[in-house]
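# Summary of structural features
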Amino acid sequence: MSHLDQDKEVKDNAVPGADKMTMAMTEMFMRESDGHPPVIFALASGLSRAAIAVMRLSGVGSGRIVESLCGRLPAPRRASLRGLWRRDGAEPVLLDRALVLWFPGPDSYTGEDSAELHLHAGPAVINAVADTLVALGARPAEPGEFSRRAFTHGRMDLMQAEGIADLIDAETEAQRRQALAQVDGAQSRLYQQWADRLRVLLAHQEALIDFPDEELPPEVEQRLVDGLQELHATMQASLLEGAGAERLRRGLVFAIVGAPNVGKSSLLNALAGRDAAIVSPRAGTTRDAIETRIVLGDVPVTLVDTAGLRDTDDEIEAEGVRRSLFHVKQADCVVHVFTGSQAPPRLEGDGLLVCNKIDLHDAPEGAIGISVLTHAGMDVLRDVLAAHARALTAGQAQAPFTRARHRAAIEETVHHIGRALGMDWPEMRGEEMRLAMRALGRLTGAVDVEALLDTVFGQFCIGK
Ligand code: GDP
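Identification of the chain as tRNA modification GTPase MnmE from Komagataeibacter melaceti is taken from an unreviewed UniProt entry. Under the UniProt heading Sequence similarities (unreviewed entry), the entry covering the chain gives this text: "Belongs to the TRAFAC class TrmE-Era-EngA-EngB-Septin-like GTPase superfamily. TrmE GTPase family."

What follows is the structure in structure tokens.
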């Protein structure tokens, strides 16, 4: 049963012909939206086969477009079953019967007048409606344009916008939780606290610059330095705490390395549960890295099966070995595979020793013994890998940041606060603090000079 059949309570009151969309109306609409960004539209529900496709539109003029499609506007935020009509030909053409939702700005996702059309998801329906929207002056949205407009209209900050992108990309429960916390403003609130502290300190600094000869309490400077030191330490600590969250957002890379024929490809296939890599008794079969994405410990992990590490005269295999070494460098964890007939490889950095083929030879002490052939030890290995993935992505419940962009901005802020602490000249220190403010403001997209002035005047009554 379609959503249209289920929804008998909503009324279809579109009467074609009565208020034909004429060229004059189109022109009026075009004029009205002059000076405003154009109305944009996009399929919010994606292109996969489904019963319903949600077409979303936003911008000044959305209301007129919806009126032209289905008669008068539905009541705000109430689903209404309507006929959608194209009215620019000799006869109106019925495109679909759809649920129409009207979200007048500013209380919409984008902050603009917006609407949703819940169409039957056939490609012909979608195309016909899209063509009509274009004829009515709307244009297809660029990627991320709805969220960008939401940011422009102050409906969310940059962190929250990025959180929405992460929420859409989230593959695992842990990623979903982290992204949703970001959308809810967890990091934004933290940065706001930092920015507030920095702003107060800067206000003190400005007072020291502007009124060096006036009766400022002598402890103002000491309090300022103490405050800067404390903020510096807090932000520096957050850089360590955030590393796990950043890894969780992007997912981990585990590289499987070892000599040819130890069973690397067999292990990758066993962990992935499918034949991603070619298994062969011939050494040097895996020439290039083979990647497969699995979930370990609720973390997305890309397993990379590298070419066997050995000296070779074969040019292509040698390139494979070079690439393997590159992957080893990039990997969050290196799984060294060997067999009991060989000496265990030397473990460098963060890695695991896995001895395969224990059906033939026992594993030495300190290595996880497995047999991909008989499945012996595989559950233990999976548990160890999952624990490793969790440990690498662990962090505070409220991650201080989740992306390289955030880390870079926090590093820059810490850098400028550090420089401010090393400056004896009040003007120079003030300048470094302003640069720190700006770097911090870039995190949320709110570099707010007015607020700084407010604090300066508010705290010291300078403007009296
Ligand atoms: P790679 O070169 O390290 O990727 O090794 P492969 O996965 O291609 O395996 C090499 C050979 O070892 C193949 O013939 C596999 O069937 C065999 N092999 C893999 N795992 C085991 C195991 O646990 N026990 C035994 N006896 N043979 C295995």
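Scanning the chain from N- to C-terminus turns up 15 helices and 12 strands. Summing over all exposed atoms, the chain offers an accessible surface of approximately 23500 Å²; the carbon and sulfur share of this is 53%.

On to the sheet that holds strand β7 (residues 252–258), then. Here 6 strands make up an open sheet; going across it, the order is β8-β9-β7-β10-β11-β12 and the pairing mixed. Unpaired on one side and paired on the other, β8 (290–296) and β12 (368–369) mark the two borders of the sheet. Here 5 bridges tie β7 to strand β9 (residues 299–305), and the two strands are oriented parallel to one another. Directly across from L252, in β9, lies its bridge partner V301.

Moving on: the sheet that holds strand β2 (residues 52–58). Taken in spatial order, the 6 strands make up an open sheet running β3-β4-β5-β2-β1-β6, and their pairing is mixed. Edge positions in the sheet fall to β3 (80–86) and β6 (139–140), since each of these pairs with one other strand and no more. Here 5 bridges tie strand β4 (residues 93–103) to strand β5 (residues 114–120), and the two strands are oriented antiparallel to one another. Its bridge partner being in β5, L101 is matched across the sheet by E116. Relative to β3, helix α3 (residues 62–70) is tilted by about 85 degrees, and along the sheet it contacts β2, β3, β4 and β5.

Listed under "binding site: Mg(2+)" (unreviewed entry) in the UniProt record, and renumbered for this structure, are S265 and T286. Within the secondary structure layout, S265 lies in helix α10 (residues 264–272).

Moving on: the site of the ligand. What surrounds the ligand is a group of 18 residues, the closest being N261, K264, S265, S266 and D359. Contacts to the ligand include K264, whose side-chain N or O atom sits 2.8 Å from an oxygen atom. At 3.1 Å, a side-chain N or O of S371 approaches an oxygen atom of the ligand. Compared with its free state, where it exposes 580 Å², the ligand has 85% of that area covered by protein. Broken down by element, the residue count for the shell around the ligand peaks at 3 residues, all from α10. Split into classes, the residues belonging to the shell around the ligand amount to 8 nonpolar, 7 polar and 3 charged.

To continue, consider the nonpolar core. Ranked by internal contacts, the top residues of the largest apolar core, which has 28 residues, are F254, L267, V301, I370, L381 and L385. The element contributing the most residues to this core is helix α12 (residues 378–393), with 5 residues.

What follows concerns unusual backbone geometry. Cis peptide bonds are those with omega within 30 degrees of zero, and the linkage from G105 to P106 qualifies with 5 degrees. Along the chain, the position of P106 falls in the loop between β4 and β5. Even without glycine at this site, D298 takes up a positive phi of about 65 degrees. Unusually for a residue other than glycine, H375 sits at a positive phi of about 70 degrees.

Within the secondary structure, L239 sits in helix α9 (residues 219–250). L239 sits in the buried class, given a relative accessible area of 17%. The sequence separation of L239 and A408 amounts to 169 residues, and the corresponding C-alpha distance is 9.6 Å.

Quick look at helix α6 (residues 158–169) now. With 12 residues, α6 should cover 16 Å at 1.5 Å per step; its first-to-last C-alpha distance of 17 Å lies within 8% of that length. Regarding α6, the residues found buried are M159, Q160, A161, E162, G163, I164 and D166. Elements in contact with the buried residues of α6: α5 (145–152), α7 (173–183), α8 (186–210), α9, α13 (404–421) and α14 (426–444). Near the N-terminus of α6, the side chain that reaches the backbone nitrogen of M159, with its oxygen 3.0 Å away, is that of D157.

Next up on the list: the packing of aromatic side chains. Under the defined criterion, the tally for this structure stands at 1 aromatic pair. Here Y191 and W194 contribute two aromatic rings whose centre-to-centre distance is 5.6 Å and whose plane-to-plane angle is 35 degrees, an arrangement assigned as tilted. Of the two residues, Y191 and W194 are both situated in helix α8; the distance of 3 residues between them amounts to about one turn of the helix. Under the relative-accessibility criterion, W194 is labelled buried at 2%. Between R56 and the ring centre of Y109, over which it is positioned, the NZ or CZ distance is 4.7 Å. The ring of F146 has R56 sitting right over it, with the charged end atom 5.0 Å from the ring centre.

What counts and what doesn't
- In every chain, residue numbers begin from 1 and rise along the written sequence.
- Side-chain atom pairs in this predicted model are given and counted only at pLDDT of 80 or more, local residue features only at pLDDT of at least 70, and totals for whole chains, interfaces and linings cover all residues.
- To obtain the side-chain values, all non-hydrogen atoms of the structure were used and water was disregarded.
- UniProt positions are given in the numbering used here, feature names are shortened, and annotations may be inferred rather than shown by experiment.
- Helix and strand assignments come from DSSP, with helices taken as H or I runs of at least 4 residues and strands as E runs of at least 2, each series counted from the N terminus.
- Per-residue accessibility takes into account occlusion by the displayed protein chains alone, with areas from the Shrake-Rupley method and a 1.4 Å probe.
- Between any two strands, at least two bridges found by DSSP are needed for them to pair.
- Any two residues whose heavy atoms approach within 4.5 Å are treated as being in contact.
- Simply put, an axis is a line fit to the C-alpha atoms, just over the touching stretch for a helix, and the angle between two N-to-C directions goes from 0 to 180 degrees.
- Only a single heavy atom is needed: when it lies within 4 Å of a molecule or strand, its residue is near that molecule or strand.
- We define a polar contact as two N or O atoms separated by no more than 3.5 Å, with the added condition that, inside protein, one atom must be a possible hydrogen donor and the other a possible acceptor, whereas residues neighbouring each other in sequence contribute only through side-chain atom pairs.
- Residue type decides the class: Asp, Glu, Lys and Arg count as charged, Ala, Val, Leu, Ile, Met, Phe, Trp, Tyr, Cys and Pro as nonpolar, and the leftover types, Gly among them, as polar.
- Grouping buried Ala, Val, Leu, Ile, Met, Phe, Trp, Tyr and Cys residues that are joined through side-chain atoms within 4.5 Å yields what is termed a nonpolar core.
- The rule is simple: take the accessible area with a 1.4 Å probe, protein chains only, and divide by the maximum for that residue type; under 20% is buried, over 50% is exposed, in between is partly exposed.
- Helices are assigned an expected span. That span is 1.5 Å times one less than the residue count.
- Centres within 6.5 Å are what make two rings of Phe, Tyr or Trp a pair, Trp counting through its six-membered ring; a difference in plane orientation under 30 degrees is then read as stacked, over 60 as edge-to-face, and the rest as tilted.
- Here, a charge over a ring is recorded when the distance from Lys NZ or Arg CZ to the ring centre is within 6 Å and its angle to the ring normal is within 35 degrees.

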